[in-house]
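# Examining the three-dimensional arrangement
Here is how the chains run, residue by residue.
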Amino acid sequence: MRSGGDPTRVSRQAVSLPFLFVGMLAVLAGMPAARAQDSAPPGSARPVGDGQTLGSPHRGGTLRLAASSSGGTLDPQVNYTSEYAQLFTVLYDGLLNFRKTDDRTSDEVVADLAEAVPQPEDGGRTWRFTLRQGVRFSTGQEVTVADVAASIRRLFRVGSPTAGSFYGAIVGADLCLRDPAHCTLAGGLEVDPATRKVVFHLNQPDAEFPQKLAFPHASILPANMPDHDLGNVPAPTTGPYRFVSYDPDRGAVLERNPFFHVWSAEAQPDGYVDHIHYDFGLPDEAAVTAVENGQYDWMFDMKPLDRLGELGARHTRQVHIRALYGIYYVPMNVNLPPFNNRLARQAVSRALDRRAMTILYGGSAVAGPLCTMVPPGIPGALDECAYTKGADLDHPAPAWQGPDLEGARRLVAASGTAGQKVTVVVQNTNVEMSMGVWLRNMLQAIGYDASVKPLAHAVQLGYIQNTSNHVQISVTDWFADYPSASNFLDDLFGCENFHPGTDNSINIAGYCDKEAQAAMDAAKQETDPARAADLWAQAGRIIARDSPAAPAIRINYIDLVSSRLGNYFYSDLYHMIFSQVWVQ
């Protein structure tokens, strides 16, 4: 899942390291007080009991949000950005959902529109659900099993980015991927209106199928939704809020869904605020000031590097730092020169200064060097580093030690690609432009004629995915859809996720390796967690050898809220939950 940023153009001159160190130290000094605010105070209203907010003195008011730009399509089955996934989680529901709690149990799957989380049958090939009664869309129409069946088929008909990687094991999905317009999932999806049963049949076991059904792409929409991207037209919702208006250039207005009632406090509790106003077009620098001053309650974009010291020193009670399943990485197109040569890709991995990238993101308080594509804390992550000074693939170091420019230059020379033109495509935010300039300078230092091409974040992700744009190398971020190595390996490097000529090809590198794919496919089917972790580690080593991307840094999440915002509520996957904070 992709994050976002600021479309405001910035200088191509990289921020100076001494200045960044000052900001980093200020943040380190100031953040403990902010972290203390993340603990729920006595009497706070975490969702307990029936999950209702009716009668609470904190119910009501308008939550004011800001972002530098909109996040793309409003279609919850197509959009793949964290900006809108965060919004969709209070608008839409699937059969399953991730628990809305302010702790690590937010990683757990719970029943949402289904009555219960089923136990797998037939060795993990059959999953049997019962749809809840009495849930209605914001139009007043009751949710039926026909809506469920149509929504799952629609994943393939509209070309959802995860149709293949998440739902490709459903019987009949192979035909749907080849001929989306005629997708039926015959033999793979059965529904019975009389009993409200929904049954999935898979070609092979998928231990992560519940997590995939809990992801926003599996949101249940009315059966009459068109089989194309909804664009700027919102779909009817089932959650506590619905759209009143939407303009991608100006913003969105949400109000309470009059047909919502709490059916599961864990999956979808009631909201506190009556309205949510989400304004687009405020640059990150201006947004920080506006939140500090109480004009807005929250901002989506990354906090500018030159403001971190100020936040750490003067606004600690408004800042929250949380762990994040997120990374920055450098995908390289394995089908275009010079990176169709494995030695050239390995050279980038070896030369990448991950300490510099950490500093450019904001310092060690909020980021750290990352040597493998799966971040720490997820089963299957490798506790080793082959692309660092004094190490190689056969003799990895326990951690990143520093860049190896000399080794990288030797690899470039051996590849025969020295002197070739290389363009780095980045988002034109302060942070990513600084990273892009640094990467350009590094590429020049190891022998390439490199330049930087900045794009607004609303278009950059689609642009770097589309092979028609001939992108050689880019800098981008990635956030887990749920805590699994599959989110970083199969999603980003699985053969089924490479779709040439489209903006929905999240395998940006265009990488497809039979050995790696076989290990990933085996891992996805493995029900023994320890064995699955071993298989993911095996796949990770193969991908590290081939270097279709250079992992750069793991990141933490920095949230800035207004002084009036109370009950700060954070989940690992969707960050601040808009329905669970209050403003009065």
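Residues numbered from 1 in each chain as written. Predicted model: local features only at pLDDT ≥ 70, side-chain atom pairs only at ≥ 80, totals over all residues. Heavy atoms only, no water.

## What about the sheet that holds strand E9 (residues 275-280)?
Heads up, the rule is: Two strands make a pair as long as DSSP finds a minimum of two bridges between them. Labels follow the DSSP assignment, with helices taken as runs of H or I lasting at least four residues and strands as runs of E lasting at least two, numbered in each case from the N terminus.
The strand order E7-E8-E9-E1-E10 describes an open sheet built from five strands, whose pairing is mixed. Bordering the open sheet on either side are strand E7 (241-247) and strand E10 (298-299), each of which pairs with just one other strand. When strand E1 (residues 62-67) meets E9, the two strands line up parallel, connected through six bridges. Residue pairing for E9: Leu-65 is matched across the bridge by Tyr-278.

## Here's the deal with the packing of helix H10 (residues 354-361) against helix H12 (residues 430-445)
Inclusion rule: Angles run from 0 to 180 degrees between N-to-C directions of axes, and those axes are lines fitted to C-alpha atoms, restricted for helices to the stretch in contact. Our angle categories are set so that under 35 degrees counts as roughly parallel, over 145 as roughly antiparallel, 65 to 115 as roughly perpendicular, and the remainder as oblique. By convention the crossing between two helices is left-handed if the near helix lies anticlockwise of the far one by an angle smaller than a right angle, and right-handed if it lies clockwise. The contact criterion used is simple: two residues touch if any of their non-hydrogen atoms lie within 4.5 Å. In this classification, Asp, Glu, Lys and Arg are treated as charged, Ala, Val, Leu, Ile, Met, Phe, Trp, Tyr, Cys and Pro as nonpolar, and every other residue, Gly included, as polar.
Between H10 and H12, the shortest axis-to-axis distance is 9 Å and the interhelical angle comes to 155°. The pairing of H10 with H12 is recorded here as roughly antiparallel in orientation. Between H10 and H12 the crossing geometry is right-handed. In this structure, H10 uses Ala-356, Met-357, Leu-360 and Tyr-361 to contact H12, whose residues at the interface are Val-431, Ser-434, Met-435 and Trp-438. Each residue belonging to the contact of H10 with H12 can be placed in one class, and the counts come to seven nonpolar, one polar and no charged.

## Side note on the pairing of E7
One ladder, built from six bridges, connects E7 with strand E8 (residues 251-256); its direction is antiparallel. When the bridges of E8 are listed, Tyr-246 appears paired with Ala-252. Hairpin geometry of E7 and E8 is characterised by an intervening segment of three residues between the two adjacent antiparallel strands.

## Digging into the sheet that holds strand E13 (residues 421-427)
The strand order across the open sheet formed by three strands is E14-E13-E15, and the pairing between neighbours is parallel. Each edge of the sheet is formed by a strand with only one pairing partner; in this case those strands are strand E14 (449-455) and strand E15 (473-474). The pairing of E13 with E14 spans seven bridges and is parallel. By the bridge assignment for E14, Val-422 is matched with Ala-450. Running at roughly 135° to E13, helix H13 (residues 457-465) makes contact with E13, E14 and E15 of the sheet.

## Topic: the state of the cysteines
Worth spelling out the cut-off: What counts as a disulfide here is a pair of cysteine sulfur atoms lying within 2.5 Å. Partly exposed residues are those whose accessible area sits between 20% and 50% of the maximum for their type, while under 20% is buried and over 50% is exposed, using a 1.4 Å probe and protein chains only.
Throughout the structure, instances matching the rule amount to three disulfides. Between Cys-176 and Cys-183 runs a disulfide, and the two sulfur atoms are separated by 2.1 Å. Taking the sign of the S-S torsion, 75° for the link of Cys-176 and Cys-183, the bridge is right-handed. Disulfide partner of Cys-371: Cys-385, at an S-S distance of 1.8 Å. Residues Cys-371 and Cys-385 are joined through a disulfide that is left-handed, its torsion about the S-S bond being -45°. Within this pair, whereas Cys-371 is found in the loop between strand E12 (367-369) and helix H11 (405-415), its partner Cys-385 is found in the loop between E12 and H11, the two being separated by 14 residues in sequence. The pair formed by Cys-371 and Cys-385 is uniform in burial state, with each residue classed as buried. Taken in N- to C-terminal order, the disulfide-linked cysteines of the chain are connected 1-2, 3-4, 5-6.

## Description of the packing of aromatic side chains
Worth spelling out the cut-off: For Phe, Tyr and Trp, where Trp contributes only its six-membered ring, two rings pair if their centres lie within 6.5 Å, and the inter-plane angle classes them as stacked under 30 degrees, edge-to-face over 60, or tilted in between.
This structure, assessed with the given rule, holds 25 aromatic pairs. Taken together, a centroid distance of 5.2 Å and an interplanar angle of 85° make the contact between Tyr-80 and Trp-478 edge-to-face. Of this pair, Tyr-80 sits in the loop between E1 and helix H2 (82-88) while Trp-478 sits in strand E16 (residues 476-479), placing them 398 residues apart in sequence. For Tyr-80, a relative accessible area of 7% gives the class buried. An aromatic cluster of at least three residues, connected via ring pairs, comprises Tyr-84, Phe-88, Tyr-92, Phe-243, Tyr-246, Tyr-278, Phe-280, Trp-298, Phe-300 and Phe-578.

## Examining the nonpolar core
Stated precisely, the cut-off is as follows: Here the nonpolar core consists of buried residues drawn from Ala, Val, Leu, Ile, Met, Phe, Trp, Tyr and Cys, with membership extended through side-chain atoms lying within 4.5 Å.
Residues Phe-200, Tyr-328, Tyr-361, Leu-443 and Ile-473 are the most contacted members of the largest nonpolar core, which totals 170 residues. Not counting the four nearest positions on each side in its chain, Leu-443 is found in contact with Phe-339, Val-348, Val-422, Val-424, Tyr-448, Ala-450 and Ile-473.

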